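What the coordinates show
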Amino acid sequence: MDWSMLQQYGPSLLKGFANTIVCWALGTVFGMALGLVIALIQRYAPRWVTWIIQVYIEVIRGTPFLVQLFVLYYGGPLIGLRLDALPAGLLGLTIYGSPYFAEIFRSGFRAVPDGQIEAARAIGMAEGHIVRRILLPLGLVSALPALVNFSIILTKETVILSIITVPELLYQVQRMSAETFRYVEANLVLALFFWGLVETISRVGHRLEARITKHLIERT
């Protein structure tokens with residue numbers, strides 16, 4: 001195995017890794033925010049609205065991310081939506097992740113004891129305050145492990161963005177492989193980068209879960 005090529009391709013690999021982190025971070029944040037909105041709509045909106053939301057969830061969960069990305073990037077111009085590769089990739093990750101995050105939040109909200117919600121309503125607490133002070137904090141504790149797990153899954157979905165020429169890590173690795181014909185070293189570098197990213201996210205998630213749980217215990 002020849003690792004000397006890393007001296008030549010190291011900067012481009014690091015740039016690709018940075019782009020991967022940016023795509024993952026923004027796609028996760030936007031997807032989680034959209035998923036939270038969807039979960040709250042499912043909980044409080046009229047039945048016909050929740051039916052529309054459920055159709056959206058089933059369609060996105062039932063189709064591959066690659067197909068969604070092709071439709072968005074190549075089919076978008078047909079309806080006047082022209083996006084560069086990077087914005088299209090971020091929008092694609094947001095749309096793809098939002099139904100999964102919505103279902104995770106919904107399950108977290110259902111784990112909140114009904115007695116606490118009813119007690120808050122009994123003392124005259126407004127619905128917005130119930131969501132902010134009871135539903136979100138308690139639901140987040142239950143949902144956090146699943147949120148972290150799906151965030152890890154999204155890191156590996158970023159490699160699909162290379163199909164629409166987003167210069168993330170896989171894109172740079174493929175370019176290095178094509179120019180040097182050193183496929184083993186290139187893909188091993190790819191695996192090591194993603195392993196390090198996944199381990200970092202996992203450890204941060206565990207610490208965040210412990211801190212949130214400790215904070216809630218102290219409040220009670």
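Residues numbered from 1 in each chain as written. Predicted model: local features only at pLDDT ≥ 70, side-chain atom pairs only at ≥ 80, totals over all residues. Heavy atoms only, no water.

- Looking at an unreviewed UniProt entry, the protein carries the name Amino acid ABC transporter permease, with the source organism given as Phyllobacterium pellucidum.

1. With respect to the nonpolar core
- Core analysis: the largest hydrophobic core is formed by 48 residues, its most contacted members being F65, F101, L154, L161 and L169.
- Looking at this core, the elements with two or more residues in it are α1 (5–44), α3 (65–75), α4 (85–110), α5 (114–122), α6 (127–157), α7 (169–180) and α8 (183–219).
- Ranked by the residues each element gives to this core, the list is headed by α6, at 11 residues.
- Residue contacts for F101: discarding those within four places in its chain leaves T28, G31, M32, G35, L147, F150, S151 and L154. (Core = buried A, V, L, I, M, F, W, Y, C linked by side-chain atoms within 4.5 Å. Buried < 20%, exposed > 50% of the residue type's maximum accessible area, 1.4 Å probe, protein only. Helix = DSSP H or I, 4+ residues; strand = E, 2+ residues; numbered from the N terminus. Contact = heavy atoms within 4.5 Å.)

2. Regarding the UniProt feature "transmembrane region" (unreviewed entry) in the protein
- As recorded in UniProt, the sites labelled "transmembrane region" (unreviewed entry) are residues 16–41, 48–73, 85–102, 134–154 and 180–198.
- Helix makes up 100% of residues 16–41 and strand 0%, whereas the separation of the span's terminal C-alpha atoms amounts to 37 Å.
- Annotated as residues 85–102, this span is 100% helix and 0% strand, and its ends, taken at the C-alpha atoms, are 26 Å apart. (UniProt positions renumbered as here; feature names shortened; annotations may be inferred.)

3. Some words on α3
- Those residues of α3 lying buried are F65, Q68, L69 and L72. Take α3 and look down its axis: the buried residues cluster within an arc of 100 degrees, on one side only. (Arc of directions from axis to C-beta.)

4. A short note on the packing of α5 against α6
- Where α5 contacts α6, the axes come no closer than 10 Å and their chain directions differ by 155 degrees. Classified by the angle between their axes, α5 and α6 sit roughly antiparallel to one another. Crossing hand, α5 versus α6: right-handed. For the pair formed by α5 and α6, the contact residues are Q116, I117, A120 and R121 on the first element and E127, I130, I134, L135 and L138 on the second.
- For the contact of α5 with α6, the residue count by class is 6 nonpolar, 1 polar and 2 charged. (Axes fitted to C-alpha atoms, helices over the stretch in contact; angles between N-to-C directions. Parallel < 35°, antiparallel > 145°, perpendicular 65-115°, else oblique. Left-handed = near helix turned anticlockwise from the far one by under 90°. Nonpolar A, V, L, I, M, F, W, Y, C, P; charged D, E, K, R; others polar.)

5. Brief notes about a nonpolar patch on the surface
- A cluster of nonpolar side chains, contributed by W48, W51, I52, V55 and V59, occupies part of the molecular surface with about 570 Å² of accessible area.
- Along the chain, I52 turns up in helix α2 (residues 47–61).
- Given the relative accessible area of 45%, I52 is considered partly exposed. (Patch = residues over 30% accessible without salt bridge, like charges linked within 9 Å, V, L, I, M, F, W, Y side chains within 5 Å. Areas by Shrake-Rupley, 256 points an atom, 1.4 Å probe, with all protein chains shown as cover. Salt bridge = Lys/Arg side-chain N within 4 Å of Asp/Glu carboxyl O.)

6. Some points on the UniProt feature "domain: ABC transmembrane type-1" (unreviewed entry) in the protein
- The sites that UniProt annotates as "domain: ABC transmembrane type-1" (unreviewed entry) are residues 17–202.
- The span residues 17–202 shows a helical share of 82% and a strand share of 0%, and its end C-alpha atoms are spaced 18 Å apart.

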